[in-house]
Amino acid sequence: MSDSPDLPSVVERFLRYVRIDTQSDRDSKTHPSTERQKDLSRLLAEELRGLGLGDAEMDGYGYVYATLPATLPEEEAAATPVLALLAHVDTAQDEPGGPVKPLIHASYDGSSITLPGAPSVALDPARSPALLDHLGHDLISSDGTTLLGSDDKAGCAVIMQLVEDLLAEPSIPRPPVRICFTVDEEIGCGVDKLDLERLGADVAYTVDGSGTGTLSYETFNAAQAVVEVAGVNVHPGYAKDVMANATTILAGILSQLPADESPETTEDREGYFCALEVSGSIPLARSKVLLRDFTAEGLEGRKRRLAELVADARQANPRATIELEVADQYKNMKSYIEATDPRVVSFAFAAAEELGIQLEAELVRGGTDGSKLSEMGLPTPNVFNGGHDYHSRFEWNTVQNLEASLVYLKQLVRYWAEHGRQGRP
Ligand SMILES: [Zn+2]
């Protein structure tokens, strides 16, 4: 089945946006990393102006800013936090980014679906068990030759449709809402050129989370350690009691990192040590080690354990000099949210409850744009856009999931209008 005229508008939008190739490029030195991202940004700005948001504009970096005015009475609106909704226009580099030929597979029946462009691998519940939670849904995928780009054009489509729908329903109370589309999220630069002042929001959500009914507001606490061993180099044939081999000393330290606390043996709330890179020779060896933990105390504990291993190695190898440097990288977003406006989380749950949905907190075992924004003072959890299997040619979303994300966002905006004035920090 291809596009049909009776598709919901949010889906029509989605199908239009995914056809635009917006892949970002981590090797580029420009902002945005690829000009093609602006093709979608420009279109979104135009469409927002077409809908009536006169201030909608794309800046030179490809960011789009626009204001959806409040429907609350002026005085109430002024006392209610300004809410920002964000999505990123770029897609990941891991797979071909275009041309995307989206396909709709009506009324999913639980079987494996072969994509015409990738006969060897299919949309298969054995590979993607979440498919079985979507029986009866109308699945959307690429033809298998490219990624779909639901990450994050689903977020773009849902926000755009929200604007159109809310403008058509002025009786629904809404606070001042700022719309922002970002670039280069996939290469970790999504907020580098974001103008927080121009955004002018008090609280925000990215609409970039996978699945339905999920909210992410917890990330790792992260630090990076550098262990450097300076050895003593002499001819190996005459090295007894003289040589200190930096490489073997470093290997000894790294081998004592607990094997059951590594990225490949941990999940959910478990933290880890990860030897990210190692280089070495007899006179000098060096390693970068990542430390990750969901709690601040846990991260401190990891720093101490590494320091103990280094202290032991110093004692055992008095001829070598062993340096340890540890630098914090980012903090669990939750700590910033708690310090600014924790209602971004409690309201997200309460809005879902009003719809009869049980929101599920999803841990992010890494950093996100929202975690950087939260650190910069704008508390920004991530809400679901319905997509699955991000960054692959088997990425999918469903007509029903896109609609569910839209319904939820509407409720969330209304909730802020109705409750945002109370308990404003
Ligand atoms: Zn994304």
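Fair warning: this is a prediction, and the values are worked out from it, not measured in the lab. (Residues numbered from 1 in each chain as written. Predicted model: local features only at pLDDT ≥ 70, side-chain atom pairs only at ≥ 80, totals over all residues.)

1. Describing the overall build of the chain
1) Next: In terms of regular secondary structure, the chain is built from 11 helices and 17 strands.
2) Next: With the C-alpha coordinates aligned to their principal axes, the bounding extent of the chain is approximately 85 × 55 × 40 Å.
3) Next: Counting every position in the chain, which comprises 425 residues, the buried fraction comes to 44%.
4) Next: The long-range fraction of contacts in the chain, counting pairs at least 24 apart against all pairs at least 6 apart in sequence, stands at 76%. (Helix = DSSP H or I, 4+ residues; strand = E, 2+ residues; numbered from the N terminus. Buried ≥ 20, exposed ≤ 12 C-beta atoms within 10 Å, placed from the backbone. Contact = placed C-beta atoms within 7 Å.)

2. Some thoughts on unusual backbone geometry
Excluding glycine, residues mostly carry a negative phi; peptide bonds, for their part, are mostly trans.
1) Next: Here the residue pair histidine 31 and proline 32 is connected by a cis peptide bond, since its omega of -5° sits within 30 degrees of zero.
2) Next: When you line up the elements, proline 32 lands in the loop between α1 (9-18) and α2 (37-51).
3) Next: The backbone of aspartate 241 sits at a positive phi, close to 65°, despite the residue not being glycine.
4) Next: Relative to the elements of secondary structure, aspartate 241 occurs in the loop between β11 (221-230) and α6 (246-255).
5) Next: Residue aspartate 268 is not a glycine yet carries a positive backbone phi of 50°.
6) Next: Relative to the assigned elements, aspartate 268 resides in the loop between α6 and β12 (272-280).
7) Next: Looking at aspartate 268, the number of C-beta atoms within 10 Å reads 7, which means it is exposed.

3. Quick word on the domain arrangement of the chain
1) Next: Domain annotation for the chain reports domain 1 (9-218 + 333-419) and domain 2 (221-329).
2) Next: Just the C-alpha atoms count here: the centres of domain 1 and domain 2 sit 40 Å apart. (Domains from an automatic or database assignment.)

4. Some words on the pairing of strand β3 (residues 83-88)
1) Next: A large share of β3 lies buried, amounting to six of its six residues.
2) Next: Burial along β3 is two-sided: the face carrying Leu83, Leu85 and Ala87 and the face carrying Ala84, Leu86 and His88 are both buried.
3) Next: Here β3 pairs with strand β8 (residues 177-182) via six bridges, running parallel. Its bridge partner lying in β8, alanine 87 is registered against phenylalanine 181.
4) Next: For β3 and strand β9 (residues 203-209), the ladder comprises four bridges, and the chain directions are parallel. Across the sheet, the residue bridging to leucine 83 is valine 203, located in β9. (Pairing = 2+ DSSP bridges.)

5. Description of the sheet that holds strand β4 (residues 103-105)
1) Next: Judged by pairing direction, the sheet is antiparallel, and its three strands sit side by side in the order β4-β7-β17 without closing on themselves. Every interior strand has two partners, whereas the edge strands, β4 and β17 (396-398), have only one. Between one strand axis and the next, the sheet turns through 30° on average, direction left out of account.
2) Next: Pairing between β4 and strand β7 (residues 139-141): three bridges, direction antiparallel. Bridging from a neighbouring strand, isoleucine 104 pairs with isoleucine 140 of β7. (Axes fitted to C-alpha atoms, helices over the stretch in contact; angles between N-to-C directions.)

6. What to know about the sheet that holds strand β10 (residues 214-219)
1) Next: Spatially, β1-β2-β8-β3-β9-β16-β10-β15 is the arrangement adopted by the eight strands of the open sheet, whose pairing is mixed. Both outer strands of the open sheet, β1 (57-58) and β15 (360-364), are each paired with one neighbouring strand and no more.
2) Next: As judged from the three bridges shared by β9 and strand β16 (residues 382-384), these two strands associate in the parallel manner. Among the inter-strand pairings, valine 207 is bridged to a residue of β16, identified as valine 383.

7. Looking at the environment of isoleucine 104
1) Next: As for its position among the elements, isoleucine 104 is in strand β4.
2) Next: For isoleucine 104, a count of 17 C-beta atoms within 10 Å corresponds to the partly exposed category.
3) Next: C-alpha of isoleucine 104 to C-alpha of leucine 15: the two residues are 89 residues apart in sequence and 9.7 Å apart in space.

8. Quick notes on helix α8 (residues 333-340)
Counting along an α-helix, one turn takes 3.6 residues, and residues three or four places apart therefore face a common direction.
1) Next: Within α8, the full set of buried residues consists of Met333, Lys334, Tyr336 and Ile337. With its buried residues spanning 160° around the axis, α8 presents them on a single face. (Arc of directions from axis to C-beta.)

9. Things to note about the packing of helix α4 (residues 150-168) against helix α11 (residues 399-419)
In a packed pair of helices, the relevant descriptors are the angle between the two axes and the axis-to-axis distance.
1) Next: Their axes nearest at 9 Å, the elements α4 and α11 cross at an angle of 55°. Taken together, the axis directions place α4 and α11 in an arrangement best described as oblique. Pair α4 / α11 crosses with right-handed handedness. Residues Ala154, Ala157, Val158, Gln161, Leu162, Asp165 and Leu166 of α4 lie in contact with α11, whose contacting residues are Leu402, Ser405, Leu406, Leu409, Lys410 and Val413.
2) Next: Tallied by class, the residues present in the contact of α4 with α11 amount to nine nonpolar, two polar and two charged. (Parallel < 35°, antiparallel > 145°, perpendicular 65-115°, else oblique. Left-handed = near helix turned anticlockwise from the far one by under 90°. Nonpolar A, V, L, I, M, F, W, Y, C, P; charged D, E, K, R; others polar.)

10. Looking at the nonpolar core
1) Next: Val64, Val158 and Ile159 are the most contacted members of the largest nonpolar core, which totals 82 residues.
2) Next: Among the elements that line this core, the one with the most residues is α11, at nine residues.
3) Next: Contacts of valine 158, omitting those with residues within four sequence positions, involve Val10, Val207, Asn385, Leu402, Ser405, Leu406 and Leu409.
4) Next: Formed by 21 residues, the second largest nonpolar core is a distinct cluster that contains Phe220, Ala246, Leu250 and Ala320. (Core = buried A, V, L, I, M, F, W, Y, C linked by C-beta atoms within 7 Å.)

11. A short note on the packing of α1 against α11
1) Next: Close contact between α1 and α11 brings their axes to 9 Å; oriented N to C, the two are set at 110°. Taken as axis vectors, α1 and α11 run roughly perpendicular relative to one another. At the point where α1 passes α11, the crossing takes the right-handed sense. Of the residues in α11, those touching α1 at Val10, Val11 and Phe14 are Val399, Leu402, Glu403 and Leu406.

12. Thoughts on the environment of leucine 131
1) Next: Structurally, the position occupied by leucine 131 is in the loop between β6 (118-123) and β7.
2) Next: In sequence terms leucine 131 and aspartate 109 are 22 residues apart; their C-alpha atoms lie 9.5 Å from each other.
3) Next: Excluding residues that lie within four positions of it along the chain, leucine 131 makes contacts with Leu123 and Pro125.

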